[in-house]
Amino acid sequence: MDIFQKYDIIVVGGGHAGCEAAAAAAKQGSKTLLISQDLNALARLSCNPSIGGIAKGQIVREIDALGGYTGIVADKSMIQFRMLNRSKGPAMWSPRTQNDRVLYSIEWRNILEDIPNLILWRDEVIGIDVENEKITSVNTKLGLKIHADAVVITAGTFLDGKIYIGEHIVEGGRIGEPAAKGLTQELVEHGIETAKLKTGTPVRVDGRSIDFSVLVEQPGDETPEKFSYGDTEPLKEQRSCWLAYTNDEVHDILRTGFDLSPLFTGVIHGTGPRYCPSIEDKIERFSDKDKHQLFVEPEGWNTYEYYINGFSSSLPLNVQYEALKTIPGFENAIIMQPGYAIEYDYFPPTQLRADLMSKNIENLFFAGQVNGTTGYEEAAAQGLMAGINAHRKINNEDGFILGRADAYIGVLIDDLVTKGVDEPYRMFTSRAEYRLLLRQDNADIRLVKFAEKYNLLEKNRLIKVHGKQKFIEEASKYFNNTSIEPNDINDYLKTENSAEIKQKQRIINIILRPEISLKKLLTQLNVPEIIFSKENEEFLDTLEIELKYKNYIEREKDFAGKLEKFDNVKLPKDLDYFSFNNISYEAREKLQKIKPENLAQASRISGVSPADIAVILGTLKSN
């Protein structure tokens, strides 16, 4: 049987990280085996059936620009599109889709089954074999020993997972799905540290029992966009989401269950996500609030099931139910699935190198929630990078590592391996120092050099990116060098409440006015077809941002370039930081544990001061 042959790479787990890792490794040319407990639940949207959002949407665009599939699958299964934060600056714009939960998994499986070199296997990995500190094989629940040159662990919330609904506790990775047992213990025996984290999910409600007339409708964008820079189609029709609100009566009912909540009784030891708290946690932390906003979101095209975003809970089911029915619009609510908390094992990511390989076990990679993150997008990004790097490692090639000025993915992984986590990590735009560079509209342009270097994109995709680059260069040159007469523009300026011009001016000066929209302006100008054509219309947002924010963008690029020199100062793997008597003990202890790969990474470790970095740099130069 082929299943018993040796594989180049084995991916453990079929969530977002696992699917991206397996696809990336196989596309690079590695013979890859993806092992999952349930092949009908690949990349299942376990919690909210949506992709993207603040900063997460940027990550999805980056995954797409590097040949990953999350954006493509999101486009094929979306039921609503919204560009969040349009009222703010372009660095904050974030695409988000509401998705059909079932269709999303189906589309992922279709893609995976169409990739040469990739085989799917329904099973559970319960152990690993290591020889000379290098992984050699995995052991499965069905009694198989499957050999591989590299292994990527992407087990999500399944490792020793426990589900909590009040005092009722069951083992599981998701409701109705068994936990994965044994693998954590084996990894610990091989020197991998482990700890616990917690997450949760809200009730699902039958939409036929909701009174939508008292809720606030939240439709999608009038002109929906998409995630992928490729040829996926934008939506022609959309389903609305809705807003609801809790009140003091709801809060009082929820408080009656606090004595039985595992969150407050200490039964759950893992730390939960600060930025996506349960409803009982919100009531406790924000006791001055008399209401909390809830997002009522459809689960798909052809289902009555709704996800109550913001009502995550581990309270007893009767308390959840009674409180829910007190929310306006939910008086007759029928619950289809209870809210619950889940506690699971993760592996502190400071044990990993920047390529996501274990520092303890060669060719063993970790990606996704097992690294302490929360969210499909963060998991998918890690999976993509781990899959690429696993392939490169077994082929004796340098790792693919993105910098903090290259991508949100670079920020994400650097934060994990340098700073570690003490709660589930979620990406925000505020985590990125260069967020004006790392916009959602330009991910294809800023990452194309990597896509070409590592052969991550098909030729037609590369041609499109280069076409976009050429368009922006030529259009920028045209607007900077071409002037316009007052008679040709003043009538339009009046309609936009913009000051009229009294003499000929370069078009760029009109574009730079904050009240002027480039798209509207182009309808008033007689410009060459290459500047304003149907083919180039999708690139106009990027062009406008590049023109209006040019000085700010150049300033960020310059600052990033100055700091890049620290990235080039490599630190020896065997450097003994305890020998540095002139730096603090805390800094020595953390540097010795994390073993940063370069001076820039060392400078971002909590507890390491600029003075400590100066001492290390001076010592390296003197040797």
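For the structure itself, look to the data block above.
The present account deals with the structure reproduced in this document. Note that the structure is predicted; figures quoted are calculated from it, not measured.

## Comments concerning the nonpolar core
Piece 1. Core analysis: the biggest nonpolar cluster contains 112 residues, and Ile10, Leu112 and Ile409 have the highest contact counts within it.
Piece 2. The greatest single-element share of this core, amounting to ten residues, is contributed by helix H10 (residues 376-394).
Piece 3. Among all residues touching Leu112, those that are not within four sequence positions of it are Cys19, Ala23, Leu34, Leu42, Leu118 and Leu120.

## Quick look at the pairing of strand E18 (residues 340-346)
Piece 1. Counting buried positions over the seven residues of E18 gives seven, a clear majority of the element.
Piece 2. Alternating positions in E18 separate into two faces, Tyr340, Ile342, Tyr344 and Tyr346 on one and Ala341, Glu343 and Asp345 on the other, with burial throughout.

## What to know about the environment of Lys504
Piece 1. Examined against the element boundaries, Lys504 turns out to sit in the loop between helix H14 (486-495) and strand E21 (505-506).
Piece 2. We classify Lys504 as exposed; its relative accessible area is 52%.
Piece 3. Once the C-alpha coordinates of Lys504 and Asn487 are considered, the two residues, 17 residues apart in sequence, prove to be 9.3 Å apart.
Piece 4. Contacts of Lys504, omitting those with residues within four sequence positions, involve Ser483, Ile484, Glu485 and Pro486.

## Details of helix H4 (residues 101-113)
Piece 1. With 13 residues, H4 extends 19 Å between its outermost C-alpha atoms, agreeing within 8% with the 18 Å of an ideal straight helix rising 1.5 Å per residue.
Piece 2. For H4, the full list of buried residues reads Arg101, Tyr104, Ser105, Glu107, Trp108, Ile111 and Leu112. The buried residues of H4 occupy an angular sector of 160° when the element is viewed end-on, so they sit on one face.

## Structural notes on the environment of Pro90
Piece 1. Looking at the element boundaries, Pro90 is found in the loop between strand E4 (78-84) and strand E5 (94-99).
Piece 2. Spatially, the C-alpha atoms of Pro90 and Lys419 are 28 Å apart, while their sequence positions differ by 329 residues.
Piece 3. Aside from chain neighbours lying at most four places away, what touches Pro90 is Leu436, Arg439, Ile545 and Tyr549.

## Concerning the packing of aromatic side chains
Piece 1. The tally for this structure, following the rule as stated, stands at 13 aromatic pairs.
Piece 2. Judged by centre distance (4.4 Å) and plane angle (35°), the ring pair of Phe400 and Tyr454 falls under tilted. Of this pair, Phe400 sits in the loop between H10 and helix H11 (408-419) while Tyr454 sits in the loop between helix H12 (443-453) and helix H13 (459-481), and the two are 54 residues apart along the sequence.
Piece 3. With centroids separated by 5.6 Å and ring planes inclined at 70°, the aromatic side chains of Tyr478 and Phe479 adopt a geometry described as edge-to-face.

Reading guide: rules and limits
Residues numbered from 1 in each chain as written. Predicted model: local features only at pLDDT ≥ 70, side-chain atom pairs only at ≥ 80, totals over all residues. Heavy atoms only, no water. Core = buried A, V, L, I, M, F, W, Y, C linked by side-chain atoms within 4.5 Å. Buried < 20%, exposed > 50% of the residue type's maximum accessible area, 1.4 Å probe, protein only. Helix = DSSP H or I, 4+ residues; strand = E, 2+ residues; numbered from the N terminus. Contact = heavy atoms within 4.5 Å. Expected span 1.5 Å × (residues − 1). Arc of directions from axis to C-beta. Phe/Tyr/Trp six-rings, centres within 6.5 Å; stacked < 30°, edge-to-face > 60°.

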